[in-house]
Amino acid sequence: MVDYHAANQSYQYGPSSGGNGAGGGGSMGDYMAQEDDWDRDLLLDPAWEKQQRKTFTAWCNSHLRKAGTQIENIDEDFRDGLKLMLLLEVISGERLPKPERGKMRVHKINNVNKALDFIASKGVKLVSIGAEEIVDGNAKMTLGMIWTIILRFAIQDISVEETSAKEGLLLWCQRKTAPYKNVNVQNFHISWKDGLAFNALIHRHRPELIEYDKLRKDDPVTNLNNAFEVAEKYLDIPKMLDAEDIVNTARPDEKAIMTYVSSFYHAFSGAQKAETAANRICKVLAVNQENEHLMEDYERLASDLLEWIRRTIPWLEDRVPQKTIQEMQQKLEDFRDYRRVHKPPKVQEKCQLEINFNTLQTKLRLSNRPAFMPSEGKMVSDINNGWQHLEQAEKGYEEWLLNEIRRLERLDHLAEKFRQKASIHEAWTDGKEAMLKQRDYETATLSDIKALIRKHEAFESDLAAHQDRVEQIAAIAQELNELDYYDSHNVNTRCQKICDQWDALGSLTHSRREALEKTEKQLETIDQLHLEYAKRAAPFNNWMESAMEDLQDMFIVHTIEEIEGLISAHDQFKSTLPDADREREAILAIHKEAQRIAESNHIKLSGSNPYTTVTPQIINSKWEKVQQLVPKRDHALLEEQSKQQSNEHLRRQFASQANIVGPWIQTKMEEIGRISIEMNGTLEDQLNHLKRYERSIVDYKPNLDLLEQQHQLIQEALIFDNKHTNYTMEHIRVGWEQLLTTIARTINEVENQILTRDAKGISQEQMQEFRASFNHFDKDHGGALGPEEFKACLISLGYDVENDRQKQTGSMDSDDFRALLISTGYSLGDAEFNRIMSVVDPNHSGLVTFQAFIDFMSRETTDTDTADQVIASFKVLAGDKNFITAEELRRELPPDQAEYCIARMAPYQGPDAVPGALDYKSFSTALYGESDL
């Protein structure tokens, strides 16, 4: 018989202890000391003994059938020890010593002792149970021995929330049945009498097997039979109890109930492990699917934005000029539509794309995934480069449009001036060639010849006076050619015709002079008065023609000063009119004097001055024309002055608003920078504060719209400069776009901090401590730390020490700082520091942002799912195989995630592969970036 007086370091089982194993705070005998046992009266309650016989027999047979046998009478069939040893081999999975096959009592005792020795080898001390009692068929001892085996192999290893054995099994039942009405499991006897607890356990794990809502508490027999039948039919749990025995017993046998309930625990524990594994895989796959959706959205948005930039830049780089101002102004209007309508949504898309990219990278870091690398040409830097190219083309395009409008405006002015001067010159040259070709001197008298000579001299004087106009016409034509005037061909043709005609006039003039000088000696008499009249009338006539030309000349000005200059020049011209009037009277007096002399000397005149074609009527007519043009010129100048005054008002109006909006934008930019550094309160408070700040900025948009309206009025008035302000509309637009982008980025940074905090379990106090330390060492408030500042910040968060020479500060040199780290036990050699910097500054920019700092701190203190954990979870679902099948995936995972795995898992190539086997190990590794998926 086994020695039951041994030391109590091992568990003690027996009829007087039937209890709990170690784990969760006590030996298996501790709780059984409080229970009724066989030793109290040395007899079992008959009802309890009946329940135990049936339950223990069913429990033993549930294991013996695996070996192809069973028992009928529990206190008879174990007497020879053979089936007892077989039972222990089945439930332990170990081989016992070879049994003795003899029929003698000694053989049976030896076999039973081998079984009892095996039980004792498992750390169990059997009390008052000997081989002789079992061989003799002692029911009390046999049942006690079977209960000991059940406790050791079916109940002892149950562990729930740091409790084990009986307490663990009870806690498991309470957890599983807690949601069910009319169920309150407090023990393993009367709590199970109505049968609802058994049905609740089954329904909790296999709800399709039980219609729990149809069960009634007042019908315990039906409830118990339903649970027993379902368990036997669908869960492979044999029927170990009779419903009538339980109902008709005041207090059902606790050991029978525990034995039966433990079968439920073991039946469902495998399903619970599969559920946990499936949940882990679902979580990992859900994160992966969400990240893939974010990556696809980024690729799509980046492609659309880059395509829009690609289409827009050639339009902005198109510098083909138009022929008219109207066509160029239409181009300017198209450009304004682009600025007002087409570009702003793209600015928002670019900002949102950057925010989505940052959020995606943060989520990838938090889920321990490799960083997202967009397709070639679709990086954020590629988009920024394209955007810069777009804005450069945009700026150059606007300047080109304005310059082209100025050029066409000047071209129209020059072309009109050319036509006006050419028309005046052509009118003057009309008939001159015919006059110079006359041979009237051949039949003229001497006086006529002399008159012809004087007339020719007057013509030459007139010809010389017109030389300046011809040069002006040629100069204007040349300038039109240089400015690429669209009608340059006709201008050149007309100019060439005028120049050729001018050369011909010069040649004819020279030929006629030679002819007249040839006969000059024959001519002696000349009318001095007519000659004097002709000499004075010709320049005066030219002066009047020039005055009329100037009075009708078009002008273009851009400032109030320029128009005031023209008004001043016109006033000066008007001041010369009295002198000109006196000259006109003097010239007319000469003509009158010639007539008076001719009449007094009875000289018959031909009626016209032989020396000039400028008659007094012509002089009076042109003088009257000049007098009419002067007030018209006054009116035109005053109108232009009013226009320039209106333009000046527009300049001042725009400057007044721009000088308010520009500084406001600058102030807000500075405030955002200060807020991002001096953030107080919780991250949620900071986020709400920033969003309210963003709304206040958006509410300021009407002021910018008003400024756009004023700027449009200025452009429509063709105003190109403004001395009253240093702000242009372009500066205001760029500042506004930068302001919106900056506040959006700041909000996104706080949102990512919240995401990091929640995912990594960082407390608000830790986050505030990180922020305070970061801001303390961010001496230039630039939002990033240099390497030495980053080292000092690390020390401030957990290594508050000082060495022999100086206390650690953010300004000590690198050698002192490294010595200080070593003295505190924090090894930070060059290799280690370079490793940390490669984590927080993967781009080697030499700066550590706050987001990278938070990611580093959280990564050092928290843990995340790993590839090994996912592989282990798949192995559970696969039933401990090295591969998994599509059927198993569809059974254990939700449909969409099961199909996701099936589509991406490679076929399994191991030696134990079967048709349809899938490789879950390479798939799990690929999820974490350790190989290609």
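Residues numbered from 1 in each chain as written. Predicted model: local features only at pLDDT ≥ 70, side-chain atom pairs only at ≥ 80, totals over all residues. Heavy atoms only, no water.

A few words now on helix α23 (residues 729-760). The terminal C-alpha atoms of α23, which comprises 32 residues, lie 46 Å apart, in line with the 46 Å expected from a rise of 1.5 Å per residue. Looking at the residues trailing α23, positive phi occurs at Gly 761, about 70°. (Helix = DSSP H or I, 4+ residues; strand = E, 2+ residues; numbered from the N terminus. Expected span 1.5 Å × (residues − 1).)

With that out of the way, let us pick up the pattern of salt bridges. Overall, the coordinates contain 52 salt bridges when judged by the stated rule. A salt bridge links Asp 242 to Lys 54; its shortest N-O distance comes to 3.6 Å. Note that Asp 242 is positioned in the loop between α9 (220-234) and α10 (243-247) and Lys 54 in helix α2 (residues 46-64), a separation of 188 residues in sequence. On the accessibility criterion, Asp 242 (23% relative accessible area) is partly exposed. Through salt bridges with shared partners, one network takes in Glu 648, Arg 651, Arg 652 and Asp 721. (Salt bridge = Lys/Arg side-chain N within 4 Å of Asp/Glu carboxyl O. Buried < 20%, exposed > 50% of the residue type's maximum accessible area, 1.4 Å probe, protein only.)

Here Pro 842 shows up in the loop between α27 (830-840) and β6 (848-849). In the structure, Pro 842 is positioned 10 residues away from Ala 852 in sequence and 9.7 Å away in space, judged by C-alpha atoms.

Relative to each other, α2 and helix α3 (residues 82-92) sit at 65°, their axes nearing to 9 Å. When the interaxial angle is binned, α2 and α3 end up roughly perpendicular. Handedness of the crossing formed by α2 with α3: left-handed. Contacts between α2 and α3 pair Trp 59, Cys 60, His 63 and Leu 64 from the former with Lys 83, Leu 86, Leu 87, Val 90 and Ile 91 from the latter. Among the residues forming the contact of α2 with α3, the class breakdown is 7 nonpolar, 1 polar and 1 charged. (Axes fitted to C-alpha atoms, helices over the stretch in contact; angles between N-to-C directions. Parallel < 35°, antiparallel > 145°, perpendicular 65-115°, else oblique. Left-handed = near helix turned anticlockwise from the far one by under 90°. Contact = heavy atoms within 4.5 Å. Nonpolar A, V, L, I, M, F, W, Y, C, P; charged D, E, K, R; others polar.)

So, about the packing of aromatic side chains. Inspection of the entire model under this criterion finds 25 aromatic pairs. Taken together, a centroid distance of 6.3 Å and an interplanar angle of 50° make the contact between Phe 357 and Phe 372 tilted. Taken together, the residues span a long stretch of sequence, with Phe 357 in helix α12 (residues 325-366) and Phe 372 in the loop between α12 and α13 (380-429) at a distance of 15 residues. Residues Phe 874 and Tyr 920 carry aromatic rings whose centres are separated by 5.8 Å and whose planes lie at 25° to one another, so their mutual orientation is stacked. Within this pair, whereas Phe 874 is found in helix α29 (residues 867-877), its partner Tyr 920 is found in helix α32 (residues 920-927), the two being separated by 46 residues in sequence. Taken together, Phe 188, Trp 192, Phe 198, Phe 228, Tyr 260, Phe 264 and Phe 268 form an aromatic cluster joined through their ring pairs. Geometry around Phe 153 places Arg 152 over its ring, the cationic atom sitting 5.2 Å from the centre. Sitting over the face of the ring of Trp 428, Lys 432 holds its NZ or CZ atom 4.9 Å from the ring centroid. (Phe/Tyr/Trp six-rings, centres within 6.5 Å; stacked < 30°, edge-to-face > 60°. Lys NZ or Arg CZ within 6 Å of the ring centre and 35° of its normal.)

Attention shifts here to the sheet that holds strand β8 (residues 906-907). Strand order in the open sheet made by the 3 strands is β7-β9-β8, with antiparallel pairing throughout. Strand pairing shows two members of the sheet lacking a second neighbour, β7 (884-885) and β8, which therefore form its edges. Alignment of β8 against strand β9 (residues 917-919), held across 2 bridges, turns out to be antiparallel. Residue pairing for β9: Ala 906 is matched across the bridge by Asp 919. (Pairing = 2+ DSSP bridges.)

A few words on the nonpolar core. Membership of the largest hydrophobic core comes to 78 residues, with the highest contact counts inside it found for Trp 192, Phe 198 and Phe 264. Element by element, the count of residues in this core is highest for helix α6 (residues 139-155), at 10 residues. In this view, Trp 192 contacts Cys 173, Val 185, Asn 187, Ala 197, Phe 198, Leu 201, Leu 224, Ile 257 and Val 261; residues no more than four positions away in its chain are not counted. (Core = buried A, V, L, I, M, F, W, Y, C linked by side-chain atoms within 4.5 Å.)

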